[in-house]
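Inside the fold
If you want the building blocks of each chain, they are given just below.
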Amino acid sequence: MHAKCGSIVGDKRVFDGMKYHDQVSWTSIVTEFSQNGHGKEAICLFKEMLGTKIRPNCFTYVSVINGCRELESSYVCDAYSKCGNIDEARRVFDRAIEKNSILWTSMIMGYA
């Protein structure tokens, strides 16, 4: 996989086209999605992996945790924005490591 190139769609196509998946291929695709701000998709792939005979390793777990952390910031910021607490939403936004589309949308809608 060429995860560092940022071609998520192309890499997912390659992954889907593979005849056999092993721990390395599963971990690579989960990691790529997680590191590129697609935590939800990383978690979905992880759940799919758990339905196979392939077991996750410590690197897989770290990637899933990172994906969850990214989602957590997005949803917490969104909740604060919807409740009208824009100052707290901004604090969550400023502390977020990855600023994905959900996070940006939450902030924009909060200021609107």
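Residues numbered from 1 in each chain as written. Predicted model: local features only at pLDDT ≥ 70, side-chain atom pairs only at ≥ 80, totals over all residues. Heavy atoms only, no water.

1. Things to note about the overall build of the protein chain
Secondary structure summary: the protein chain contains 6 helices and 0 strands in total. Along the chain direction, N to C, the helices and strands of the protein chain fall in the order α-α-α-α-α-α. Projected onto its principal axes, the C-alpha positions of the protein chain cover 50 × 25 × 20 Å. Expressed as a percentage of the 112 residues in the protein chain, the buried residues total 36%. Considering only intrachain contacts with a sequence separation of at least 6, the fraction spanning at least 24 residues in the protein chain is 53%. (Helix = DSSP H or I, 4+ residues; strand = E, 2+ residues; numbered from the N terminus. Buried < 20%, exposed > 50% of the residue type's maximum accessible area, 1.4 Å probe, protein only. Contact = heavy atoms within 4.5 Å.)

2. A look at the packing of helix H2 (residues 23-35) against helix H3 (residues 39-50)
Two elements in contact, H2 and H3, have axes whose closest approach is 7 Å; the angle formed by their N-to-C orientations is 160°. Taken together, the axis directions place H2 and H3 in an arrangement best described as roughly antiparallel. For H2 against H3, the interelement crossing comes out left-handed. In this structure, H2 contributes Trp26, Ile29, Val30, Phe33 and Ser34 to the contact, and H3 contributes Gly39, Glu41, Ala42, Leu45, Phe46, Glu48 and Met49. Residue composition of the contact of H2 with H3, grouped by class: 8 nonpolar, 2 polar and 2 charged. (Axes fitted to C-alpha atoms, helices over the stretch in contact; angles between N-to-C directions. Parallel < 35°, antiparallel > 145°, perpendicular 65-115°, else oblique. Left-handed = near helix turned anticlockwise from the far one by under 90°. Nonpolar A, V, L, I, M, F, W, Y, C, P; charged D, E, K, R; others polar.)

3. Quick look at the nonpolar core
Counting 11 residues, the largest nonpolar core consists of Ile8, Phe15, Trp26, Ile29, Val30, Phe33, Ala42, Leu45, Phe46, Met49 and Val64. Counting only elements with at least two residues in this core, the list comes to helix H1 (8-17), H2 and H3. Residues contacting Ala42, with those up to four places away along its chain left out, are Val30, Phe33 and Ser34. If you look at the next biggest cluster of nonpolar residues, it comprises 7 residues, including Cys77, Ala89, Ala96 and Leu103. (Core = buried A, V, L, I, M, F, W, Y, C linked by side-chain atoms within 4.5 Å.)

4. With respect to helix H4 (residues 58-82)
Helix length check: H4, at 25 residues, gives a terminal C-alpha distance of 36 Å against a target of 36 Å (1.5 Å per residue), a fit within 8%. By the burial criterion, the buried members of H4 are Thr60, Ser63, Val64, Gly67, Glu70, Leu71, Ser73, Ser74, Cys77 and Ser81. Buried residues along H4 sit in contact with H2, H3, helix H5 (86-95) and helix H6 (101-111). One side-chain oxygen of the residue at the start of H4 lies 3.0 Å from the amide nitrogen of Phe59, identifying that residue as Asn57. Two residues or fewer past H4, Gly84 is found with a positive phi of approximately 85°. (Expected span 1.5 Å × (residues − 1). Polar contact = N/O pair within 3.5 Å; in protein donor to acceptor, adjacent residues only side chain to side chain.)

5. Some points on H3
Compared with an ideal rise of 1.5 Å per residue, which puts 12 residues at 16 Å, H3 spans 17 Å between its outermost C-alpha atoms and is within 8% of the ideal. Turning to H3, its buried residues number three or more, namely Gly39, Ala42, Leu45, Phe46 and Met49. Projected down its long axis, H3 carries its buried residues within an arc of 120°, all on one side. Residues of H3 that are exposed and point more than 90 degrees away from the buried face comprise Lys40 and Lys47. (Arc of directions from axis to C-beta.)

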